[in-house]
Amino acid sequence: MSSRAPASLLLLKLLLSLLLLQVSLINSLRQETEDLAKQTQGESHRPLRRCKRRWVVTTLELEEEDPGPFPKFVGELFNNMSDNMALMYLISGPGVNKYPEIGLFSIEDHENGKIYVHRPVDRETTPSFTVYFDVVNRLTGEKVDNSLIFIIRISDVNDHAPQFPENEFNVSVRESHAAGQPILQMLTVDLDEENTPNSQVLYFLISQTPLLKESGFEINRESGEIRLLGCLDYETAPRFTLLIRARDCGEPPLSATATVHVSVQDDNNHRPTFTQENYKIQVPEGRVSPDVLRLPVQDHDSPFTSAWRAKFNIYNGNEEGHFDISTDPETNEGILNVIKALDYETHPSCSLFIAVENEELLIPCEGGELRKPRRKTAASATVLIQVTDANDPPVFHPRSFVVSEVEGARPGTRLGRFNATDPEGSGSQIRYELVHDPASWVTVDERSGVVVARQRLDRESPHVNNGVYVIIVHAVDEGHPPQTGTGTLMLLLADINDNAPSLHLRSRYLEVCESSEPEALLIEAEDGGGEPSSDLFTFELDTTQAHAGDMWKLGENRGRSVELLMRRSLPRGDYSVPLSIGDSQGLYQKQTVHVRVCSCPGGATCAAEPLAAEPELLVGVLAPLCMVFLALAVALLLLLRCDCVNGAKRPSCPALHEEGQQTLITYNNESRAVSGQIGSEVRKQMPALPIHTAEEGAELGAKVYLGTGVLRQSLEVRAGVMAEILHQKLCGLHTLAADPGSLPHIYMEEGELEGAESLSSLAFSEHTPLPSLLDWLGPSTEETHPSASPANARRYGPLN
């Protein structure tokens, strides 16, 4: 029993000791946790409160650029764990064994924890260092406390002066720059600690070159802004040099300087002035005279700028616009010109008042201050001009006039009269000369100026424009030298209705598709006459021709055109529609519209019909060829007959080389002219035909045309005529009696003639090959030509 009691008591004591130990450990751990939390919150630089296992650090102060000597003591650290064991202090981090600097800090004696620095420190490079302190058991090397994190800050010293971005600055300022306005702001950079006197900068204007009373500069000490004082004058000082100093507020203060070059740009602060205020010149009358006077000016502004260039103005004396004035761009002189001829008799003299100013507004400087831009009273000069007398040209009264006349006026009609006088009143004789009469219609009396028509006036002449024919006449005096005036007569020709309306070219031949529904065709007409006779046309269908009214009718009249309608559907073929077209004056003309009714497979365009489908066309081509061969056969038979019957009457048929009885077969129908070049073979077989006058031929009723018309006789008749001519030639008929009045004539144009010795002298080519008789005789009776007209052919006179 006694032995169990001591054992239980011993066990109870042991449990109690373990409990106490556990509580002690918990308290120790809690205290260490609190200390570590405070250290991580940045309070490690404060002295540790005395308690178990706490760091003690003296103040660590380090100034940049410390001159030494080195190594230099910085501070000391201590840990109270040294009371129980031997400790060793360690240091690490930037400045010890890490960048930006290595080997800057160290602990020389690891037993006492003294910290040393080994070289100067630049704050602008590294303003602070964060180092780590540790304590370990000297015997075991184990850490006995947590690391101490400590920030070593470098205190700033004024070791950097303010720096300008550049050593020299260039700035341009206009001469009109207002006083008090900034021209440049200076800026500097100081690398010392911000918001300290070491980095605070003040600015000073050290010097100004040149130094003028009227023009100066100032600088704001705090902002560095340079301002203008007074007025700038380019002509006095075109350039300034300013020396600027920037100084900080550190101890000792540091400073730097820079140079500012100010260039002045010229403005208009000097007005131009005339070198002479009064001028007197002479100008001849009656002509334009450039550069009659030059007016030099002076201007102190920069040459060839808008502040220097002068502008001249004639502000009085030029009300009629005889003068103008310009500026010479090189000399800046005013150039006076006469742009409108002067008249001595009207104004023998005049005075001009001329002002001058610059292109740019004047900005004057008065009392050291610029005034507002204004146009100050300009400098002026007076020019007295005397006009010298000269021979003036005659003056027409009026210079141009209009005369109305009806076209078709006969020669001898008086159209008007030009009237010109000598403005000088000298009484010299004036002579009139016609200088423009393109159609040669008029004559002008050189003394009286009366205009008389010498030809019939035609409003449709190409020289008439819109019914006006222009006639220009010169009037020449007897002065020395003679002078000439010009007058114009505008002849207004009133139209008379001498042109009947006719079909328009596109309305003469029309095509229409064969259809069950008749289609309206538009017939257009035109008239060469002017208004009003050509306003409206009247269209009438000529029903006198067979079946015209049965097949066709006219629709709506549109003034200058009319609709043509088919009364019924017509078969394919060619149709002629006779019309009578008249104007509002009652002048009518018959016209024919050729209409072709055709098949239209495509629906709108006539189809081309093959040649084989028209057998009558083949007959029309072969028939003339047959007639030619027939005519040749008849001629050959007549030739043989002549040789057989008359062989005994003439040896060798001498009539072949003599003139025989010649005549001309009468054609009562007007025919197409035959070619003027007859083949040499046929021509040699024809006699020299005497040609009579046109009147004699008219009495005989004979008409022969050589041109491009259409013969209207049948081929049989023409072949017979040709055979008869050959018969008369080959059979040696007697020649006509010699008669000087019956010599052959050549009618070159209708109504004109010239003599010829014989028919062989006519203009026929000897080298022309023998044409076919078909060509010489012309086409058949059925063939026509729309342009055939006797008036366009050459006409030969009849034969006796």
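Residues numbered from 1 in each chain as written. Predicted model: local features only at pLDDT ≥ 70, side-chain atom pairs only at ≥ 80, totals over all residues. Heavy atoms only, no water.

## Focus on the sheet that holds strand E24 (residues 334-338)
1) Next: Pairing in this open sheet of three strands is antiparallel, and the strands run E20-E24-E23 from one edge to the other. Strands with a single pairing partner mark the edges of an open sheet, and in this sheet they are strand E20 (289-295) and strand E23 (323-327). Strand-to-strand twist across the sheet, computed as the mean angle between neighbouring axes with direction ignored, equals 30°.
2) Next: In the sheet, E20 pairs with E24 via four bridges, with the strands oriented antiparallel. By the bridge assignment for E24, Ser-289 is matched with Val-338. (Pairing = 2+ DSSP bridges. Helix = DSSP H or I, 4+ residues; strand = E, 2+ residues; numbered from the N terminus. Axes fitted to C-alpha atoms, helices over the stretch in contact; angles between N-to-C directions.)

## Re the pattern of salt bridges
1) Next: Throughout the structure, instances matching the rule amount to 13 salt bridges.
2) Next: Between Asp-267 and Arg-174 there is a salt bridge whose closest N-O contact spans 2.2 Å. Highlighted residues: Asp-267 in the loop between strand E17 (255-265) and strand E18 (273-274) and Arg-174 in strand E11 (residues 168-174), separated in sequence by 93 residues.
3) Next: Arg-174 gets classed as partly exposed once you look at its relative accessible area, which sits at 41%.
4) Next: Of the charged contacts, one joins Arg-572 and Glu-514 as a salt bridge, the two residues approaching to 3.5 Å between their closest N and O atoms. Taken together, the positions of Arg-572 in the loop between strand E43 (561-566) and strand E44 (573-583) and Glu-514 in the loop between strand E39 (509-513) and strand E40 (521-526) put the pair 58 residues apart, joining distant regions of the chain.
5) Next: Residue classification places Glu-514 among the partly exposed positions, given a relative accessible area of 40%.
6) Next: Overlapping salt bridges, with partners in common, bring together Asp-291, Arg-294, Asp-328 and Glu-333 in one network. (Salt bridge = Lys/Arg side-chain N within 4 Å of Asp/Glu carboxyl O. Buried < 20%, exposed > 50% of the residue type's maximum accessible area, 1.4 Å probe, protein only.)

## Details of the side chain of Ser-502
1) Next: Mapping Ser-502 onto the fold places it in strand E38 (residues 502-503).
2) Next: Residue classification places Ser-502 among the buried residues on the basis of a relative accessible area of 18%.
3) Next: When neighbours within four sequence positions are excluded, Ser-502 is seen to be in contact with Glu-524, Ala-525, Glu-526, Ile-581, Gln-589 and Gln-591. (Contact = heavy atoms within 4.5 Å.)

## What to know about unusual backbone geometry
1) Next: A cis geometry characterises the amide bond from Phe-70 onward to Pro-71, with omega recorded as -5°.
2) Next: In this fold, Pro-71 is placed in the loop between strand E2 (62-63) and strand E3 (72-79).
3) Next: Here the residue pair Tyr-99 and Pro-100 is connected by a cis peptide bond, since its omega of 20° sits within 30 degrees of zero.
4) Next: Mapped onto the fold, Pro-100 is located in the loop between strand E5 (97-98) and strand E6 (101-102).
5) Next: Even without a glycine there, the phi angle at Asn-332 is positive, about 65°.

## Remarks on the packing of aromatic side chains
1) Next: In the structure shown here, the tally under the stated rule is 11 aromatic pairs.
2) Next: Among the aromatic side chains, those forming a connected cluster through ring pairs are Phe-396, Phe-401, Phe-418 and Tyr-432. (Phe/Tyr/Trp six-rings, centres within 6.5 Å; stacked < 30°, edge-to-face > 60°.)

## Section: the state of the cysteines
1) Next: Going through the model one piece at a time under the given rule, you end up with two disulfides.
2) Next: Between the sulfur atoms of Cys-513 and its disulfide mate Cys-600 the distance is 1.9 Å. When the S-S torsion is -95°, as for the bridge of Cys-513 with Cys-600, the disulfide is left-handed. In this pair, Cys-513 is assigned in strand E39 and Cys-600 in the loop between strand E45 (588-598) and helix H3 (615-645), connecting sequence segments 87 residues apart.
3) Next: What makes Cys-600 buried here is its relative accessible area of 17%.
4) Next: With its sulfur 1.5 Å from that of its partner, Cys-598 forms a disulfide with Cys-606. Judged by the sign of its S-S torsion, about -45°, the cystine formed by Cys-598 and Cys-606 is left-handed. (Disulfide = S-S within 2.5 Å.)

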